Amino acid sequence: MGPATSDADASYSSAIVRATELGCNLIDTAINYRHQRAERCVGAALRTVCADTNRRNELVVSTKAGYLPFDGELPQDADRYLYEQYEERLQLAPGEVVEKHCIAPAFLRDQVARSRVNLGLETIDVFYLHNPEEQLRFVDRASFESRLRAAMATLEESCQQGHIASYGLATWVAFRESKDHPQYLSLDEVVRWAVEVGGPRHHFRFLQLPLNLKALEPYMLANQWYDGRWCTLLEVAQAHGIHIVTSAPLLQGRILGRLPPPIQRAFAALSSDVQRTVQFVRSIPGVGSVLVGMGRSQHVEENLALASLAPDTAAIQQIFRHT
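Note that the coordinates shown come from a computational prediction; the quantities given were computed from them, not determined experimentally.

Quick notes on the rules
Residues numbered from 1 in each chain as written. Predicted model: local features only at pLDDT ≥ 70, side-chain atom pairs only at ≥ 80, totals over all residues. Heavy atoms only, no water. Helix = DSSP H or I, 4+ residues; strand = E, 2+ residues; numbered from the N terminus. Rg over C-alpha atoms; globule rule 2.2 N^0.38 Å. Buried < 20%, exposed > 50% of the residue type's maximum accessible area, 1.4 Å probe, protein only. Contact = heavy atoms within 4.5 Å. Lys, Arg positive; Asp, Glu negative; His and termini not counted. Charge placed at Lys NZ, Arg CZ, Asp CG, Glu CD. Core = buried A, V, L, I, M, F, W, Y, C linked by side-chain atoms within 4.5 Å. Disulfide = S-S within 2.5 Å. Phe/Tyr/Trp six-rings, centres within 6.5 Å; stacked < 30°, edge-to-face > 60°. Axes fitted to C-alpha atoms, helices over the stretch in contact; angles between N-to-C directions. Parallel < 35°, antiparallel > 145°, perpendicular 65-115°, else oblique. Left-handed = near helix turned anticlockwise from the far one by under 90°. Nonpolar A, V, L, I, M, F, W, Y, C, P; charged D, E, K, R; others polar.

This paragraph deals with the overall build of the chain. Within the chain, the regular secondary structure consists of 12 helices and 9 strands. A compact globule built from 323 residues should have a C-alpha radius of gyration of about 20 Å, and the chain, at 20 Å, falls within 12% of that. In terms of principal-axis extent, the alpha carbons of the chain reach across some 55 × 50 × 40 Å. With 323 residues in all, the chain has 50% of them scored as buried. Sequence-distant contacts in the chain: of pairs separated by 6 or more residues, those separated by 24 or more amount to 74%. Mean positive and mean negative side-chain charge positions of the chain (32 and 37 charges, respectively) differ by 4 Å.

If you want it as structure tokens, here you go:
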């Protein structure tokens, strides 16, 4: 994220190259970040990193679609641009775009094609539906189910075509709230829909959501009904073989300098609050990957020092035994 400037582009591309040199193998972006410039920065970095074609097989590249993106910069008449570029050009039905958000099949096919060009990739490793629960602010549950199933069927089609290798949901509140919340989703139900539209060998394999010191619900809140009992989101994801990718570990930096004493003690050997916070999240049982926004090479150097360390699940057990 950040400003849509050439300086930010260059800094991000350099940071990505440096991250891969230090062992990072997961690169995550979204087509709407910085008006498609973020994807293009990833593409520029990949051209450098993957000059040796074998390097491509070492990397997992993910992106997201859901919010209508601009192209490079904010146009003078933003609403007109979005209408002409998406609703009119793609002949979207009335109501398929809600508050500049869309998961309609025609829109998703368009976004997959654009992202492949932006990233310079024949196949995108993970393609997320970006905050699909936004649709629940405007349509009822039955309509939402129909829309999400159609979106999943479209992404299964893209997998069959070799345009993407797998797909997932990148969410914000959907799996962190109680079942009575208007944007709540049941992971068990979503997996069932994936099986019904894609068969037992469906490609729904990833789930992205925030997990940090102020958003511990995926680990601590038993809000997911599975196998006759209430479970945490991480437990249900593990049961279904869904890889969990967490976001916002640093709360946009707001947590730094304010870590609770148990976290400070558990990870005292690390050199900064950034490292302690990221290590805390990646050590939580059930977490597969942790996303950290890094737009500068010096941040990459600091954070990737953790690559030589294993997740410390014993530290997590100790922390929660005393809290």
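Back to the write-up after that little detour.
Turning to the environment of Gly 293, a few remarks are in order. Turning to its location among the elements, Gly 293 is positioned in the loop between strand S9 (289-290) and helix H11 (297-303). C-alpha of Gly 293 to C-alpha of Pro 249: the two residues are 44 residues apart in sequence and 9.3 Å apart in space.

Let us now look at the nonpolar core. If you look at the biggest cluster of nonpolar residues, it comprises 86 residues, and the most contacted ones within it are Leu 148, Phe 175, Leu 187, Phe 204 and Phe 280. In terms of residue count, helix H5 (residues 141-160) provides more of this core than any other element does, 6 residues in total. Once residues lying within four places of it in the same chain are set aside, the contact partners of Phe 204 are Met 152, Glu 156, Tyr 167, Gly 168, Leu 169, Leu 187, Val 190, Val 191, Ala 194 and Ile 242. Counting residues in hydrophobic clusters, the runner-up holds 6 residues, among them Val 126, Tyr 128, Phe 206 and Leu 291.

This part is about the state of the cysteines. Here, disulfide denotes a covalent bond that connects the sulfur atoms of two cysteines. One pass over the full model with this rule turns up 0 disulfides. Of all cysteine sulfurs in the structure, the one in Cys 50 sits closest to Cys 24, which takes part in no disulfide; the separation is 12 Å. Free of any disulfide, Cys 159 has its nearest neighbouring cysteine sulfur in Cys 102, separated by 19 Å.

Turning our eyes to something else, we now look at the packing of aromatic side chains. Both the distance between ring centres and the angle between the ring planes are used here to describe each pair of aromatic rings. Applying the stated criterion across every chain yields a total of 6 aromatic pairs. On the numbers, 5.9 Å between centres and 45° between planes, the contact of Phe 70 with Tyr 81 is tilted. One end of the pair, Phe 70, is in the loop between strand S2 (60-65) and helix H3 (78-88); the other, Tyr 81, is in helix H3, with 11 residues separating them in the sequence. Among the aromatic residues, those joined into a cluster by ring pairs are Tyr 219, Phe 280 and Phe 320.

Once that is clear, we can look at the packing of helix H1 (residues 6-21) against helix H2 (residues 37-49). Their axes nearest at 9 Å, the elements H1 and H2 cross at an angle of 45°. The pairing of H1 with H2 is recorded here as oblique in orientation. In this structure, H1 meets H2 at a crossing whose hand is right-handed. Across the interface between the two elements, Ser 6, Asp 9, Tyr 12, Ser 13, Ile 16, Val 17 and Thr 20 from H1 touch Arg 37, Cys 41, Val 42, Ala 44, Ala 45, Thr 48 and Val 49 from H2. Taken together, the residues of the contact of H1 with H2 sort by class into 8 nonpolar, 4 polar and 2 charged.

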